[in-house]
Amino acid sequence: MSKIASVQDLEDHAKANLDKNALNYYSSGSQDMITLQDNVNAFDRYQIRPRVLRNVSNVDTKVSAFGLTFDYPIFIAASAMQKMAHPDGELASVRSANKHNVCYSLSTISTSSIEEVSEAAGQVTDNKKIWFQLYIYNDKHKTIDLIKRAERAGFKAIILTADTPYIGRRLPDIRDPFMIPSHLKLKNIQTEKIGEAETSTQSSENASWLARYFKENINPGLTWDDVTWIKSVTSLPVLVKGVLTAEDAKLCLQYGADGIIVSNHGGRQLDTAPATIDALPEVVRAVNGKIPVFLDGGVRRGTDAFKALALGATAVFMGRPNLWGLFYDGENGVDLMLDIVFEEFKLAMALSGCASVKDINESYIQDSRHIFSKL
Ligand SMILES: Cc1cc2nc3c(=O)[nH]c(=O)nc-3n(C[C@H](O)[C@H](O)[C@H](O)COP(=O)(O)O)c2cc1C
Ligand SMILES: CCCCCCC(=O)C(=O)O
């Protein structure tokens, strides 16, 4: 087999070898998967405007947020049930992120517990670059318990996912209903409903296990007041994940969010929502530097990350590439994936004439659809 040289190679490997149950769950988007594809394709509509003769003998890729410094502005997004990709699952991912000194975000719906992930992130609390992605359960006590456990375990931020009042309509999952493998457990939560959901295959209302689990456990009635509520029960920074408009970005400011993740959930929720790189500029403009703005969705290359930073993101997250790396070779596979993307990013900086992340700004990017209006 040829050497792995790109995230695409890792994805190809997973698509050829991963079992159908896990592959369908990991790879699918909602409905016609238009947003899923557009997340990736949209990056190619933007071009980098390189500057030359800028002395790039040293390139500093470090970035800071919430008082933490990271070696690269490319983090790992929360994705559920990582032990389907590799027996070490989330523990391998967090070890790799930790080794690379970047942020790992842990899904509520994980196959390793909050405490196990914290332990795998190392002994020194200050060095743990772990953020906890929160789904708000119907039972508020369960939700508070998750937040408190994350705080105690040394997580440094809470990411409230706001785009999933119900699970998106994922056709592969409806056609061949996803089942969590019987040897795996959702380690963070005890739910009375899970046994029931796990054993049934398809309900009369044509909802998959995932959709039913969500409907039975996760609160679809959230409002902006819940941001205020979460802020009242934790001292950690609270980020809102799933923002795609200037209007919601302003509400984030109004309700005291500490950060925003521009995200469409990797195209798994509302199909035909905009690609995240297209939505980023209006969110950045609305926020006007008051809080950091992050992006996820379709980031597959270092140049994608460069483009997001040029449009105002503080850092980006990658979701599926983590799973493809994990499946390829556990922790080593995630290392390989991060090494490739980081090398691409550093080289993109050097070839664009940016010696520091602080140098990357709007002047380094053009939207190929608007290029003629600029002339
Ligand atoms: C298999 C899978 C599981 C996911 N699970 C969660 C989750 O539990 N919570 C969440 O907020 N987002 C979840 N996401 C969305 C990711 O956090 C992220 O928004 C998305 O994967 C980014 O797009 P990308 O996969 O193109 O990088 C999941 C995504 C995938 C692919
Ligand atoms: C087991 C309940 C569904 C988990 C949903 C995780 C998620 O966000 C996803 O996109 O899938």
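Computed from a prediction, not measured in an experiment: that's the story for all the values here. (Residues numbered from 1 in each chain as written. Chains lettered and ligands numbered in written order. Predicted model: local features only at pLDDT ≥ 70, side-chain atom pairs only at ≥ 80, totals over all residues.)

Chemist: Now, about the overall build of the protein chain: what can you tell me, with residues and values included?
Modeler: On a plain count of helices and strands, the protein chain comes out with 15 helices and 12 strands. In terms of overall dimensions, the protein chain has C-alpha extents of about 65 × 50 × 45 Å along its principal axes. Counting every position in the protein chain, which comprises 375 residues, the buried fraction comes to 50%. Within the protein chain, residue pairs in contact and separated by at least 24 positions form 76% of the contacts whose partners lie at least 6 positions apart. (Helix = DSSP H or I, 4+ residues; strand = E, 2+ residues; numbered from the N terminus. Buried ≥ 20, exposed ≤ 12 C-beta atoms within 10 Å, placed from the backbone. Contact = placed C-beta atoms within 7 Å.)

Chemist: Lay out the site of ligand 2 in plain terms, naming residues and giving numbers.
Modeler: Within the structure, ligand 2 sits among Ala80, Ile109, Thr164, Leu210, Tyr213, Phe214, His265 and Arg268. The class makeup of the residues in the shell around ligand 2 is five nonpolar, two polar and one charged. (Near = placed C-beta within 6 Å. Nonpolar A, V, L, I, M, F, W, Y, C, P; charged D, E, K, R; others polar.)

Chemist: Let's hear about the pairing of strand β7 (residues 157–161): which residues, and what values?
Modeler: Of all five residues in β7, five are buried, a share of seventy percent or more. With burial as the criterion, each face of β7 is covered, one bearing Ala157, Ile159 and Thr161 and the other bearing Ile158 and Leu160. Taken together, the four bridges between strand β6 (residues 130–134) and β7 define a ladder with parallel strand orientation. Paired with Gln133 across the strands is Ile159, a residue of β7. In this fold, the crossover linking β6 to β7 by way of helix α6 (residues 140–152) has right-handed handedness. Summarising the sheet, β7 and strand β8 (residues 238–243) pair through four bridges and their orientation is parallel. Bridging from a neighbouring strand, Thr161 pairs with Lys241 of β8. (Pairing = 2+ DSSP bridges. Right-handed = clockwise from strand over helix to strand, strands pointing away.)

Chemist: Could you give an account of the confidence of the model for the protein chain, naming the residues involved and the relevant values?
Modeler: Caution applies to low-pLDDT regions: their predicted coordinates should not be interpreted in detail. Looking at the protein chain as a whole, the pLDDT averages 94, with 94% of positions reaching at least 70. Under a pLDDT of 50 for its full length, residues 192–204 has, in the predicted model, 12 contacts with residues more than four places off or in other chains. With pTM at 0.96, the complex prediction returns an ipTM value of 0.99. (pLDDT = per-residue confidence, 0-100.)

Chemist: Explain the site of ligand 1 residue by residue, including any values.
Modeler: In the vicinity of ligand 1 there are 23 residues, among which Ser79, Ser107, Thr161, Gly266 and Gly319 approach most closely. Classifying every residue of the shell around ligand 1 by side-chain character gives eight nonpolar, 11 polar and four charged.

Chemist: Residues and numbers for unusual backbone geometry, please.
Modeler: Within the chain, Met33 stands out as a residue other than glycine whose phi angle is a positive 60 degrees. Tracing the chain through its elements places Met33 in the loop between α2 (20–27) and α3 (34–44). Backbone geometry at Phe66 places phi at a positive 50 degrees, although glycine is not the residue there. Residue position: Phe66 is located in the loop between β2 (63–65) and β3 (68–70). Its 16 C-beta neighbours within 10 Å are what place Phe66 among the partly exposed residues.

Chemist: Hey, could you go over the packing of helix α11 (residues 246–254) against helix α12 (residues 276–287) for me, with residue numbers and the actual values?
Modeler: With their axes 8 Å apart at the nearest point, α11 and α12 run at an angle of 35 degrees to one another. Once α11 is placed against α12, the crossing between them reads as right-handed. Facing α11, whose interface residues are Ala246, Ala249, Lys250 and Leu253, α12 presents Glu282, Val283, Arg285, Ala286 and Val287. In terms of residue class, the contact of α11 with α12 is made up of six nonpolar, no polar and three charged. (Axes fitted to C-alpha atoms, helices over the stretch in contact; angles between N-to-C directions. Left-handed = near helix turned anticlockwise from the far one by under 90°.)

Chemist: Describe the pairing of β8, with residues and values.
Modeler: Side-chain direction in a regular strand flips from residue to residue, so the side chains alternate between the two faces of the sheet. In terms of burial, β8 is a largely internal element, six of the six residues being buried. Note: β8 against strand β9 (residues 259–262), four bridges, orientation parallel. When the bridges of β9 are listed, Val240 appears paired with Ile260. With α11 bridging β8 and its parallel neighbour β9, the resulting β-α-β unit is right-handed.

Chemist: Residues and numbers for the nonpolar core, please.
Modeler: A general tendency of soluble globular proteins is for nonpolar side chains to be buried together. With 115 residues, the main nonpolar core has Ile260, Val262, Val283 and Val316 as its most contacted residues. It is helix α14 (residues 320–352) that provides the largest number of residues to this core, a total of 13 residues. Once you skip the residues sitting within four places of it in the chain, Val262 turns out to touch Val243, Leu244, Thr276, Ala279, Leu280, Val283, Val293, Phe294 and Leu295. (Core = buried A, V, L, I, M, F, W, Y, C linked by C-beta atoms within 7 Å.)

Chemist: Now, about the environment of Glu115: what can you tell me, with residues and values included?
Modeler: By the secondary structure assignment, Glu115 is in helix α5 (residues 114–120). Note on Glu115: 15 C-beta atoms within 10 Å, which makes it partly exposed. Along the primary structure Glu115 and Arg149 are separated by 34 residues, whereas in three dimensions their C-alpha atoms are 7.7 Å apart.

Chemist: Lay out the packing of helix α13 (residues 302–310) against α14 with the relevant residues and their values.
Modeler: Where α13 contacts α14, the axes come no closer than 7 Å and their chain directions differ by 55 degrees. One element, α13, and the other, α14, form an angle in the oblique class. The handedness of the crossing between α13 and α14 comes out as right-handed. When α13 is examined against α14, the residues Gly302, Thr303, Ala305 and Phe306 are found in contact with a partner set consisting of Val341, Phe342, Glu343, Glu344, Phe345, Leu347, Ala348, Met349 and Ser352. Each residue belonging to the contact of α13 with α14 can be placed in one class, and the counts come to eight nonpolar, three polar and two charged. (Parallel < 35°, antiparallel > 145°, perpendicular 65-115°, else oblique.)

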